[in-house]
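Tertiary structure, described
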Amino acid sequence: MSKDKATDAKATEEQADAIKASKSKKPKTADLLAEIEELEIQLAESKDKYLRLFAEFDNFKKRNIRERMDLLKNAGQDALSAMLPIVDDFDRAKASAEDEKTEETLSEGVLMVYNKMYNVLEGKGLKKMVSTGEAFDPELHEAITKIPAPTEEMKGKVIDTIEAGFYLNEKIIRHAKVVVGE
């Protein structure tokens, strides 16, 4: 029996060690699960930050490309704006030559130069604004003065264009100076 007691004592001791080991494993397992959860949360946050940063960079690239295209499209705006008074002078000379009351004429060569210059400017994206007879729009027109409208339907409309407005690639580079009927 003493041998049985020794065996029982040993078995009891092994059971006690097993219980201690299982108790010590439970906190380790719980700690590991908590750590895994925390790491998964950090990974999800890192993925979210990465996706947001990637999207922001993509938007930056698109905006930069769009700004470059606009810059290239309107690169000659200053030069073309400087040429507008010359175009105005040509228009006035042509209108004066076409007026039946004057004896002035415009030579064929000057008309060819005028047409060629106008075609080149149109090719670069310059377009003359049509204003006379249109409804007054402060976004497009600059009212120089108001006069009594010759007819009722001309009220609030452009009676005369003093200086033509121009678009460069659908962007206004000079507002038309107009006389408005009231």
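Here goes a summary of the coordinates provided. These numbers were taken from a predicted model, which means no experiment stands behind them. (Residues numbered from 1 in each chain as written. Predicted model: local features only at pLDDT ≥ 70, side-chain atom pairs only at ≥ 80, totals over all residues. Heavy atoms only, no water.)

Let's talk about the pairing of strand 5 (residues 171-174)
Bridging between strand 4 (residues 166-168) and strand 5 involves 3 bridges; their strand directions are antiparallel. Paired with Leu168 across the bridge in strand 5 is Lys171. Between strand 4 and the antiparallel strand that follows it, strand 5, lie 2 residues; Asn169 among them carries a positive phi value of about 55 degrees. (Pairing = 2+ DSSP bridges. Helix = DSSP H or I, 4+ residues; strand = E, 2+ residues; numbered from the N terminus.)

As for helix 3 (residues 108-123)
The first and last C-alpha atoms of helix 3 sit 22 Å apart over 16 residues, in line with the 22 Å expected at 1.5 Å per residue. Every buried residue of helix 3 is accounted for by Tyr114, Met117, Tyr118 and Leu121. Mapping the buried residues of helix 3 onto a view down its axis gives an arc of 100 degrees, with all of them on the same face. Helix 3 presents Glu108, Met112, Lys116 and Gly123 as exposed residues on the side facing more than 90 degrees away from its buried surface. (Expected span 1.5 Å × (residues − 1). Buried < 20%, exposed > 50% of the residue type's maximum accessible area, 1.4 Å probe, protein only. Arc of directions from axis to C-beta.)

Quick notes on the sheet that holds strand 6 (residues 176-181)
Sheet strands pair via backbone hydrogen bonds, and the direction of the pair is either parallel or antiparallel. Here 3 strands make up an open sheet; going across it, the order is 2-6-3 and the pairing mixed. The sheet terminates laterally at strand 2 (141-147) and strand 3 (158-163), the two strands that pair on one side only. Neighbour to neighbour, the strand axes of the sheet diverge by 30 degrees on average, direction disregarded. When strand 3 meets strand 6, the two strands line up antiparallel, connected through 4 bridges. (Axes fitted to C-alpha atoms, helices over the stretch in contact; angles between N-to-C directions.)

As for the packing of aromatic side chains
As enumerated under the stated definition, the model contains 4 aromatic pairs in all. Ring centres 5.8 Å apart and planes at 35 degrees place the aromatic pair Tyr114 and Tyr118 in the tilted group. Placement of the pair is Tyr114 and Tyr118 together in helix 3, with a separation of 4 residues, close to one helical turn. (Phe/Tyr/Trp six-rings, centres within 6.5 Å; stacked < 30°, edge-to-face > 60°.)

Description of unusual backbone geometry
Of note, Asn169 is a non-glycine position whose phi angle comes to about 55 degrees, a positive value. In this fold, Asn169 is placed in the loop between strand 4 and strand 5. With a relative accessible area of 22%, Asn169 lands in the partly exposed category. Located in the positive-phi region is Glu170, a residue other than glycine, with phi close to 70 degrees. Counting through the fold element by element, Glu170 comes out in the loop between strand 4 and strand 5. For Glu170, a relative accessible area of 64% gives the class exposed.

Looking at the pattern of salt bridges
For the coordinates displayed, the defined rule picks out 9 salt bridges. Across the pair Arg174 and Asp88 runs a salt bridge whose closest N-O atoms are separated by 2.9 Å. Of this pair, Arg174 sits in strand 5 while Asp88 sits in helix 2 (residues 77-98), and the two are 86 residues apart along the sequence. Each member of the pair, Arg174 as well as Asp88, carries the same accessibility label: buried. Through salt bridges with shared partners, a single ionic network connects Asp88, Glu163, Arg174 and Lys177. (Salt bridge = Lys/Arg side-chain N within 4 Å of Asp/Glu carboxyl O.)

Quick word on a nonpolar patch on the surface
Residues Tyr50, Leu51 and Phe54 make up a contiguous nonpolar surface patch of about 370 Å² in total accessible area. Among the secondary structure elements, Phe54 is positioned in helix 1 (residues 2-73). (Patch = residues over 30% accessible without salt bridge, like charges linked within 9 Å, V, L, I, M, F, W, Y side chains within 5 Å. Areas by Shrake-Rupley, 256 points an atom, 1.4 Å probe, with all protein chains shown as cover.)

Some points on the packing of helix 2 against helix 3
To characterise two packed helices, one gives the angle between the axes of the helices and the distance between these axes. The N-to-C vectors of helix 2 and helix 3 enclose an angle of 145 degrees; their axes lie 11 Å apart at closest approach. As for how helix 2 packs across helix 3, the hand of that crossing is left-handed. Judged by residue contacts, Leu80, Met83, Ile86, Val87, Phe90, Asp91 and Lys94 of helix 2 engage Val110, Leu111, Val113, Tyr114, Met117, Tyr118 and Leu121 from helix 3. Broken down by class, the residue content of the contact of helix 2 with helix 3 amounts to 12 nonpolar, no polar and 2 charged. (Left-handed = near helix turned anticlockwise from the far one by under 90°. Contact = heavy atoms within 4.5 Å. Nonpolar A, V, L, I, M, F, W, Y, C, P; charged D, E, K, R; others polar.)

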